[in-house]
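Below, each chain spelled out in residue letters.
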Amino acid sequence: MADIDGMKVAKDYHLDVPAKVTGDFHVKGASNAEWGMKKHLSNIFDKKSGNTVMFAFDHGYFMGSTSGLERLDIIIPEIMDEVDVLMGTRGALRTSVDPACGKAIALRATSGSSILFDDLSHEINAVDIQEAVRLNADCLAVQTFVGAEGQLSSLQNLSEMVNLGSRYSIPTMGVIAVGKEMERTDRFFKLATRIVAELGANIIKSYYCDNFEEVVAACPVPIVVAGGKKLPEQEALTLAYKAMSGGAKGLDMGRNIFQSQHPKAMARSIGKIVHEGFNDQEAFEFYNDMVNEG
Ligand code: R5P
């Protein structure tokens, strides 16, 4: 096994060379996937732009209603038309999402932590594969804790979901967790995203960081970027723009949408960046216009 001294950050990531693909499928790393897997990935990633906007409302699985998501039944219908993917728990889906919504579903599949404990890194796979099939999930979201106490069990959870997902052609989305003591550096994200991709995740949900282009270049599957804590709208749109410019294939945003004063305008403005090539300034102007029009 390579020792830790071999862990170098300063390497050649060939940023000028586009990712090599075999075949013409529009999702990175999936050209050799089975038909059903490609169908699910195509439900998530728009064929024209190649990108996706996910609306994350799974925070309740460890934060209860304290995250700013007091009423799922109000916020989800308000945002639904603006996004490609709804990311939630089975409880939220069954109770608060119209099954006729026509949106892709990212099913939160792990649980077991709560904000009452400091260490959030110990989770289990809480959803079995038959349940995911019943819910017609387009991907299974598994939290991973590289470098934390719960690393082993979380990577075990991920591997198990990849094994089951492969059997039923359901993609797995590895969610990179950043704990209190975990660094939010390109060094960490190069390590974590690559580990999770090599264990078989078809999509990685991670965070924007310095040298993000290198993180993307070294990751053989698409990265979607989480929003994180609520920022002023303009800053959140700049984050979205930087992430997309750096090679992200989409945004998976929660708090920066549902905690906004104008969630619908925020979600639509993010879509402008992700699918229509708006820059952050154009998107912020669009956001203001929408807010002013009421
Ligand atoms: C948190 O654990 C969940 O996975 C969220 O889906 C994720 O953090 C994205 O939401 P936010 O944009 O609020 O960070």
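Just above sits the structure.
The rules behind the values
- Residues numbered from 1 in each chain as written.
- Predicted model: local features only at pLDDT ≥ 70, side-chain atom pairs only at ≥ 80, totals over all residues.
- Heavy atoms only, no water.
- Helix = DSSP H or I, 4+ residues; strand = E, 2+ residues; numbered from the N terminus.
- Buried < 20%, exposed > 50% of the residue type's maximum accessible area, 1.4 Å probe, protein only.
- Contact = heavy atoms within 4.5 Å.
- Areas by Shrake-Rupley, 256 points an atom, 1.4 Å probe, with all protein chains shown as cover.
- Lys, Arg positive; Asp, Glu negative; His and termini not counted.
- Charge placed at Lys NZ, Arg CZ, Asp CG, Glu CD.
- Near = heavy atom within 4 Å.
- Polar contact = N/O pair within 3.5 Å; in protein donor to acceptor, adjacent residues only side chain to side chain.
- Nonpolar A, V, L, I, M, F, W, Y, C, P; charged D, E, K, R; others polar.
- Axes fitted to C-alpha atoms, helices over the stretch in contact; angles between N-to-C directions.
- Parallel < 35°, antiparallel > 145°, perpendicular 65-115°, else oblique.
- Left-handed = near helix turned anticlockwise from the far one by under 90°.
- Pairing = 2+ DSSP bridges.

Draft legend 1. Region of interest: the overall build of the chain. Tallying secondary structure elements over the chain gives 12 helices and 10 strands in all. With the principal axes as the frame, the chain shows a C-alpha extent of 60 × 40 × 40 Å. Put simply, the chain has 294 residues, and 51% of those count as buried. Sequence separation of at least 24 residues holds for 65% of the intrachain contacts in the chain that already meet a minimum separation of 6. Accessible area of the chain: about 14200 Å², with a carbon and sulfur share of 50%. In the chain, 29 side chains carry a positive charge and 39 a negative one; their mean positions are 3 Å apart.

Draft legend 2. Highlighting the site of the ligand. Taken together, 13 residues lie around the ligand, and D58, H59, K205, G254 and R255 are the ones closest in. Contact between the ligand and H59: an oxygen atom at 2.8 Å from a side-chain N or O atom of the residue. Within the side chain of R108, an N or O atom sits 2.9 Å from an oxygen atom of the ligand. In isolation the ligand has 360 Å² of accessible area, and contact with the protein removes 96% of it. The class makeup of the residues in the shell around the ligand is 4 nonpolar, 4 polar and 5 charged.

Draft legend 3. Geometry of the environment of L152. For L152, the position within the fold is in helix 6 (residues 151-168). For the pair L152 and S96, spaced 56 residues apart in sequence, the C-alpha to C-alpha distance is 33 Å.

Draft legend 4. View of the side chain of S113. Examined against the element boundaries, S113 turns out to sit in the loop between strand 4 (110-111) and strand 5 (124-125). A distance of 3.2 Å separates polar atoms of two side chains, one belonging to S113 and the other to E123. Those residues in contact with S113 that lie beyond four places of it in its chain are Y61, F62, L120, H122 and E123.

Draft legend 5. Representation of the packing of helix 9 (residues 233-245) against helix 11 (residues 263-276). Close contact between helix 9 and helix 11 brings their axes to 9 Å; oriented N to C, the two are set at 25°. For the element pair helix 9 / helix 11, the angle class is roughly parallel. For the crossing formed where helix 9 meets helix 11, the hand is right-handed. Where helix 9 abuts helix 11, its residues E233, A236, L237, A240, Y241 and M244 lie against M266, S269, I270, I273 and V274. The residue makeup of the contact of helix 9 with helix 11, split by class, is 9 nonpolar, 1 polar and 1 charged.

Draft legend 6. Spatial organisation of the sheet that holds strand 7 (residues 172-176). Reading around the barrel, the 8 strands line up as 1-2-3-6-7-8-9-10 and close back on themselves, with parallel pairing between neighbours. If you compare each strand with its neighbour and ignore which way they point, the axes differ by 25° on average. Taken together, the 2 bridges between strand 9 (residues 223-226) and strand 10 (residues 250-253) define a ladder with parallel strand orientation. Looking at strand 10, one finds that V225 is bridged to L251.

In short, geometric facts, not functional conclusions.
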